[in-house]
Amino acid sequence: MKSHNIFPLLVALLCIFQKRSSTHSLNAPGSPGYYQDGDFIIGGLFSLRVISGDLRSKFGFQHEVYIPPFAYAHLTKHYQQVLAMVFAVNEINKKLNLLFNMSLGFYIFNVDYIEMKAVESSLSLLSCESPPVPNYNCRPEKRDKLVAVIGGISTGISTQISRVVSLYSVPQISYGPFDHSLKDSVQLQSIYQFPMNTAALYQGLIQLMLHFGWVWVGFVVPDDIRGDKFLQDMTQEMNNNGLCIAFAERIPEFPADDTINMQHFFERYTTTRVSVAFGDTYSLLRYVYHIYCSSLFGNILVTTLDWDITTIPFQQGPSYTYFGGGLSFSFHIEEIPGFKTFLRSVQPTKYPHDVFIQHVWSILFECLYMNQNGIMTFTDCKENGTLETRPLHVWDMNTSPQSYNVYAAVNVIAWALHDLLSIRTEEEPPDNVTYVNSHPWQLHPFLEKSQLERSNSKQKISSEKLSTTSLDIFNYQSLLNGTKAQVKVGEFIFQPHKAPHLSFNDKLMMWGEHHNEAPSAICNPSCQIGFRKTAVKGKSSCCFDCIPCPGGEVANKTDMHQCVKCPENQYPNMERYQCLPKVMTFLSYDDTLGTALASTAICLSVLTALILGLFIQYRNAPIVRANNRNLSYVLLISLILCFFCSLMFIGRPSPVTCILRQTFFGVVFSIAVSAILTKTFIVLVAFKSIKPGSSIQMWMVTRISNAIVYICSLIQGCICTVWLATSPPFPDTDTQSEFGQIILHCNEGSTVAFYCVLGYLGFLAFLSLVLAFLGRRLPDKFNEAKMITFSMLVFCSVWISFIPSYLSTKGKTIVALEIFAILSSSAGLLGCIFLPKCYLILVRPENNSRKKLHEPFT
């Protein structure tokens, strides 16, 4: 019971308070709008404040109790839209050739972004009563002066207005941003919108991001169909241009519940330095509130002029700290002739019937006004104050896009009405009373001929009308004198089927209080030269890792997706951003390794020659004559040639040396191994020939041994001849083996032929090893078969090890490896076979007798 008793008392107190403080009441219930009479009336529904809501929904439109709402924001700049309508109507009334000397009037209401107030004001326009009386018209002469309605600034307000005026087929022109949901509506038949080339806006934003290299950009949109469509279209456009969305925040409108998670919003908002905000002042009001409350500084905002970033409604002062340096896109509009002069002349005393100017004036000039006996008086105000002196955060002398649309809408209506009256004058005399009795629905055919788009209309705006679209780009700056201004810094021209053109003056740009230059908007730091991008699993394409370019490739630009392979004759520098010429190299005598190998080959050749000389000098010695001294001479000479053939592998390759080095090596080694094979054969046959009853004669052994050497060498010669005839070796270059070097080497031509040469040598060596192994236990104090066995083991070990090493080695090292194999295998033959004989000749001459040689081992 107590609560029911307190509530009427509270309501009564609020009513008393309302009567005593009417200073901040804009279009309160029961008060009329701003009315100017004329032969035809255009209704105007504008939004000058953002308030907490209309509490009359609990009591009904006509309830006497009025609870004043709380004003979140006073949008003083929106008053320019009211003045644009007043100016347009007055200008039309001055034109004697328009409307056949008939006048236009207006009836303007403030709906405060409240949909219920939009419905109420629409009914008031139809019934000329406030509060409205549905289906009642108090106007005299039983005719309807209302010909059209201009409003509202948002989709929600426009929809509610249209739901009322469409019942009477009254044309309605929305001056707010173009919304496809209104265009495609089946229920709203009477609403018109100014067409907007959204593709031009999308491309303008894309080109601006590309101009500054902003690839990681956040998006803030209203939580409605219009915001979803913008986000969907921009996502596709950004993907097509390699740009990414850092975050997408949907902002609920007032007075809906705040569903934004502040911590999550703060974390995402700080992931980038550039954000694109799409919406109007009202739809993004909660976003501005969170920016202001969280003190989120430093982000550069890119937006449209539908949202005024030059003011924060929640504080008394400019918003430069929060949005300074921001960029705004605006479809290019021409200045309205005489409008600025009109704005300079606006004074409250000049328009006493304007029910809005007192409230706006008190906010603009920070003074009070009081209602004394029905007369509004101001206190603490400057005398003869003009709008031109007001700062940017509360007033702008430049024509806003919404004001321009209001002005254009009045002119479209006037010309449509003029065309309708022109037809009437042809059908009826001018003095007929029905001359002015025009119904609102009769304007629709004439409005459809204009560039306006009607909802659910089959008539579409032709592509020629939107073929070329120009957008101005404004920068929110602090000028040298401390004043704030929106300075034009660029222009974007969009034409279908042509490349878009962005002209931007970077020298005029100012980036606010937190940046001295254009901020970067990237997910990761750029990949420096020498590195390339690589995708990170589960992240956007703009978030990547940087990895060094692989060997042989360079990246001479930042943020390269693929490294560039250097030409064959070049190599990358250590930082892998530049290709340098490779140095040609080969195993030369100037190299330490080449010098060592050449010295070793010469020394071994000299040693072999000395042994050959020693054998010639002691040619009649038993140790020399054993096992056919001629074969020993052949073997020593072939070993000398083997040592010398290794010198052909050193030096710059030429066609002659490439052909000789492998073939000469193969033939000479075949002679050496054939001689060893023959020696082994002689050892076995000789012991059998001296046995009693043997039919083998020594002359036969000598001839057979010579034939073995000739035949085995001839076979290797044939293999080399076929090799040279089919695919001979030739000089070639190796650009891959050594970093920064081009290796000059001999290409074997036919790998098969090369391995056939080695295989044949291996076959002879293996056969010699087997025969020597069989004769190792023959009863002789100096059994040469044992020495041959050791020499063949060394020989086979060297060349068996050579094959895998040859296949795994690259560059000039492979040449050194082959030389080493030649020298080591030749030295093994020389040491195992001839050094023991030299020892007997020089150190133990007493054992160098036939008797001693045939003594058995003890």
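Residues numbered from 1 in each chain as written. Predicted model: local features only at pLDDT ≥ 70, side-chain atom pairs only at ≥ 80, totals over all residues. Heavy atoms only, no water.

Before going further, it helps to examine the packing of aromatic side chains. Pairs of aromatic rings are described using the distance from one ring centre to the other and the angle between the two planes. This model, assessed by the stated rule, comprises 33 aromatic pairs. Where Phe-212 meets Trp-511, the ring centres are 5.2 Å apart and the plane angle is 85°; that geometry is what we call edge-to-face. Of the two residues, Phe-212 is situated in helix H6 (residues 198-212) and Trp-511 in the loop between strand S19 (501-504) and strand S20 (531-535); the sequence distance between them amounts to 299 residues. Residue Phe-212 shares its accessibility class with Trp-511, and that shared class is buried. Summarising the aromatic geometry, the rings of Phe-754 and Tyr-755 are spaced 5.4 Å apart at their centres and angled 70° between planes, so their arrangement reads as edge-to-face. The structure contains a cluster of three or more aromatic residues connected by ring pairs, namely Phe-665, Phe-669, Trp-723, Phe-754, Tyr-755, Phe-795, Trp-799, Phe-802 and Tyr-806. (Phe/Tyr/Trp six-rings, centres within 6.5 Å; stacked < 30°, edge-to-face > 60°. Helix = DSSP H or I, 4+ residues; strand = E, 2+ residues; numbered from the N terminus. Buried < 20%, exposed > 50% of the residue type's maximum accessible area, 1.4 Å probe, protein only.)

For the rest of this paragraph, the subject is the nonpolar core. With 68 residues, the main nonpolar core has Met-85, Leu-104, Ile-108, Ile-150, Phe-342, Trp-395 and Leu-417 as its most contacted residues. Elements with a contribution of two residues or more to this core: strand S2 (40-46), helix H2 (79-94), strand S5 (104-110), strand S6 (146-150), helix H11 (339-345), helix H12 (357-364), helix H13 (401-427) and helix H14 (444-447). Top contributing element to this core by residue count: H13, with eleven residues. Leu-604, Ala-672, Ile-676 and Ile-841 belong to the second-largest nonpolar core, a separate cluster that totals 67 residues. (Core = buried A, V, L, I, M, F, W, Y, C linked by side-chain atoms within 4.5 Å.)

When the charged atoms of two side chains lie near each other, side chains of opposite charge can form a pair. On inspection of all chains with the given rule, the structure shows twelve salt bridges. The residue Lys-145 makes a salt bridge to Asp-37 at a minimum N-O spacing of 2.9 Å. With Lys-145 in the loop between helix H3 (115-127) and S6 and Asp-37 in the loop between strand S1 (34-36) and S2, this residue pair connects regions lying 108 residues apart in the sequence. On the basis of relative accessible area, Asp-37 is assigned to the partly exposed category, the value being 47%. Three or more residues are tied together by salt bridges with common partners; here these are Arg-49, Asp-112 and Lys-117. (Salt bridge = Lys/Arg side-chain N within 4 Å of Asp/Glu carboxyl O.)

Look at H3 against helix H4 (residues 155-165): their axes get within 8 Å of each other, and the N-to-C directions meet at 35°. Pair H3 / H4 crosses with right-handed handedness. Here Glu-115, Ala-118, Val-119, Ser-122, Leu-123 and Leu-126 of H3 come into contact with H4, specifically with Gly-156, Ile-157, Gln-160, Ile-161, Val-164 and Val-165. (Axes fitted to C-alpha atoms, helices over the stretch in contact; angles between N-to-C directions. Left-handed = near helix turned anticlockwise from the far one by under 90°. Contact = heavy atoms within 4.5 Å.)

This part covers the sheet that holds strand S28 (residues 741-747). One open sheet holds the three strands; their spatial order is S26-S28-S27, and the pairing between them is mixed. For this open sheet the edge positions go to strand S26 (583-585) and strand S27 (730-734), each flanked by a neighbour on one side alone. Pairwise comparison of adjacent strand axes, ignoring direction, gives a mean angle of 30° for this sheet. As paired strands, S26 and S28 are joined by three bridges and run parallel to one another. (Pairing = 2+ DSSP bridges.)

One pass over the structure, following the stated rule, counts six disulfides. At a sulfur-sulfur separation of 1.9 Å, the disulfide partner of Cys-523 is Cys-543. Here Cys-523 and Cys-543 share a disulfide; its torsion about the S-S bond, 100°, makes the bridge right-handed. In this pair, Cys-523 sits in the loop between S19 and S20 while Cys-543 sits in the loop between S20 and strand S21 (544-548), placing the two residues 20 residues apart along the sequence. Take Cys-523: its relative accessible area is 26%, and that puts it in the partly exposed class. Residue classification places Cys-543 among the buried residues on the basis of a relative accessible area of 5%. What pairs with Cys-527 in a disulfide is Cys-546, and their sulfur atoms sit 1.9 Å apart. Because the sign of the S-S torsion sets the handedness, a value of about -90° for the bond joining Cys-527 and Cys-546 places this disulfide among the left-handed ones. Here Cys-527 is found in the loop between S19 and S20, whereas its partner Cys-546 is found in strand S21, with 19 residues between them in sequence. Its relative accessible area of 0% is what places Cys-527 among the buried residues. (Disulfide = S-S within 2.5 Å.)

Looking now at unusual backbone geometry. In this structure, the amide linkage connecting Gly-151 to the following residue, Gly-152, adopts the cis form with an omega of 0°. The phi torsion at Arg-576 lies on the positive side, around 60°, for a residue other than glycine. Looking at the secondary structure, you find Arg-576 in the loop between strand S24 (570-572) and strand S25 (579-581).

The next point concerns the packing of helix H21 (residues 784-808) against helix H22 (residues 813-842). Each pair of packed helices gets described by two things: the angle between the helix axes and the distance between those axes. Look at H21 against H22: their axes get within 8 Å of each other, and the N-to-C directions meet at 175°. Between H21 and H22, the crossing angle belongs to the class labelled roughly antiparallel. The class makeup of the residues in the contact of H21 with H22 is 18 nonpolar, five polar and three charged. (Parallel < 35°, antiparallel > 145°, perpendicular 65-115°, else oblique. Nonpolar A, V, L, I, M, F, W, Y, C, P; charged D, E, K, R; others polar.)

Tracing the sequence through the fold places Asp-591 in the loop between S26 and helix H15 (592-617). For the pair Asp-591 and Ile-650, spaced 59 residues apart in sequence, the C-alpha separation works out to 9.8 Å. Those residues in contact with Asp-591, other than ones at most four positions away along the chain, are Phe-586 and Lys-812.

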